[in-house]
Amino acid sequence: MSELFNLAGRTALVTGANTGLGQAIAIALAGAGADIVAAGRSPADDTAAQVQALGRRFLFARADFGSTEPVRRVVDEAIAFNGQLDILVNNAGTIHRADSLDVTEENWDAVMNTNLRSVFFLSQAVARHMAKGHGGKIINVASLLSFQGGIRVPAYAASKSALAGLTRALANEWAVKGINVNALAPGYFDTNNTTALREDARRSEAILARIPAGRWGKPDDLAGAAVFLAGRASDYVHGITLPVDGGWLAR
Ligand code: NAP
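Fair warning: this is a prediction, and the values are worked out from it, not measured in the lab.

Participant: Quick rundown of the pattern of salt bridges? Include the residues and the values.
Facilitator: Considering all chains together, one arrives at eight salt bridges under this definition. For the salt bridge of Lys137 with Asp235, the shortest nitrogen-to-oxygen distance reads 2.7 Å. Here Asp235 lies in the loop between α8 (223-230) and β7 (241-244) and Lys137 lies in strand β5 (residues 136-141), a separation of 98 residues in the sequence. Classification of Asp235 by relative accessible area gives partly exposed; the value is 40%.

This is the structure in structure tokens:
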């Protein structure tokens, strides 16, 4: 049974792994045996230390995914690191909170470029490599707003809803190439992404009241689902967006 969740000998590229959910996912994958390439715009020294403490190798590739410019270089660096790339986690994401009447084209593009455009082209570059070898796993970090509209986050909701669609579209094309494309949909987690919500006493209380588990998620709550989608256990799972939300969507 443990072989189903064993990532020894695999290399995972995780975007935005310096903090929050990306950091927790990188550490979970390393705990299951994978070496980690972290790509992002901020140094990931703390993640590096935790991955190396688990006995795994770590590489940082600097990249701002506000444009697709770094995609080719990051994928080349990740493949050169161990000679192959087996897992891609598209975690880096950004949110812009404002009334829809006030959102500018610049606000819109910043969210869509990072949360959707770069995800597609990074996935495409990695899948070209995976398709030539023995396949692989692509995990997109979606959101409850892949299913719901949210409040004052129109570009974010559009990007995450599109990401669930993209997950299905790529799964349909790439399953036959041995590539599993799936997504995680985290509920309300305690990270930088949700600072504004947690600082708003009324929103924070309303959110908590709807979570059957009775608490916000901790980044480590994603670990099991991430290892599942990265390992052999999910070899026949394609195109799903898996909520990890303390039961939010069940209400
Ligand atoms: P976070 O702490 O704000 O982390 C976001 C990560 O994305 C950081 O590493 C950030 O880098 C990186 N990033 C943002 N824009 C980038 C860019 N242009 N180029 C490269 N990296 C960029 O929030 P988080 O909650 O861990 O978010 C991780 C993912 O989970 C996001 O896709 C988010 O939408 C999703 N999510 C979060 C929640 C939640 O409740 N927290 C719920 C559903 C989905 P910097 O540190 O340099 O900014």
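Participant: Now, about the layout of surface pockets: what can you tell me, with residues and values included?
Facilitator: Size it by volume and the largest pocket reaches roughly 1,000 Å³. Looking at the largest pocket, it is lined by 46 residues, and the ones nearest its centre are Gly93, Thr94, Tyr156, Thr191 and Asn193. When residues of the lining of the largest pocket are traced back to their parent elements, those giving at least two are α1 (20-31), α4 (105-132), α5 (154-174) and α7 (201-210). When residues of the lining of the largest pocket are assigned to their parent elements, the largest contribution, four residues, is made by α7. Class assignment for the residues of the lining of the largest pocket results in 20 nonpolar, 20 polar and six charged.

Participant: Residues and numbers for the site of the ligand, please.
Facilitator: Near the ligand there are 28 residues, and of these Asn18, Ser42, Asn91, Tyr156 and Thr191 occur at the shortest range. Within the backbone of Gly16, one N or O atom sits 3.2 Å away from an oxygen atom of the ligand. Taking 880 Å² as the accessible area of the ligand by itself, protein coverage stands at 92%. Of all the elements in the fold, those that place two or more residues in the shell around the ligand are α1 and α5. Per-class residue counts for the shell around the ligand are 10 nonpolar, 15 polar and three charged.

Participant: Tell me about the side chain of Thr194, residues and numbers included.
Facilitator: Within the secondary structure, Thr194 sits in the loop between β6 (179-186) and α6 (195-199). In this structure, Thr194 is in contact with Arg97, Phe189 and Trp216, ignoring residues within four places of it in sequence.

About the thresholds
Residues numbered from 1 in each chain as written. Predicted model: local features only at pLDDT ≥ 70, side-chain atom pairs only at ≥ 80, totals over all residues. Heavy atoms only, no water. Salt bridge = Lys/Arg side-chain N within 4 Å of Asp/Glu carboxyl O. Helix = DSSP H or I, 4+ residues; strand = E, 2+ residues; numbered from the N terminus. Buried < 20%, exposed > 50% of the residue type's maximum accessible area, 1.4 Å probe, protein only. 1 Å grid on protein atoms, 1.4 Å probe; cavity = no way out; pocket = protein on both sides within 12 Å on 5 of 7 lines; lining within 4 Å. Points joined across faces, edges and corners; volume = space filled by probe spheres on them. Nonpolar A, V, L, I, M, F, W, Y, C, P; charged D, E, K, R; others polar. Near = heavy atom within 4 Å. Polar contact = N/O pair within 3.5 Å; in protein donor to acceptor, adjacent residues only side chain to side chain. Areas by Shrake-Rupley, 256 points an atom, 1.4 Å probe, with all protein chains shown as cover. Contact = heavy atoms within 4.5 Å.

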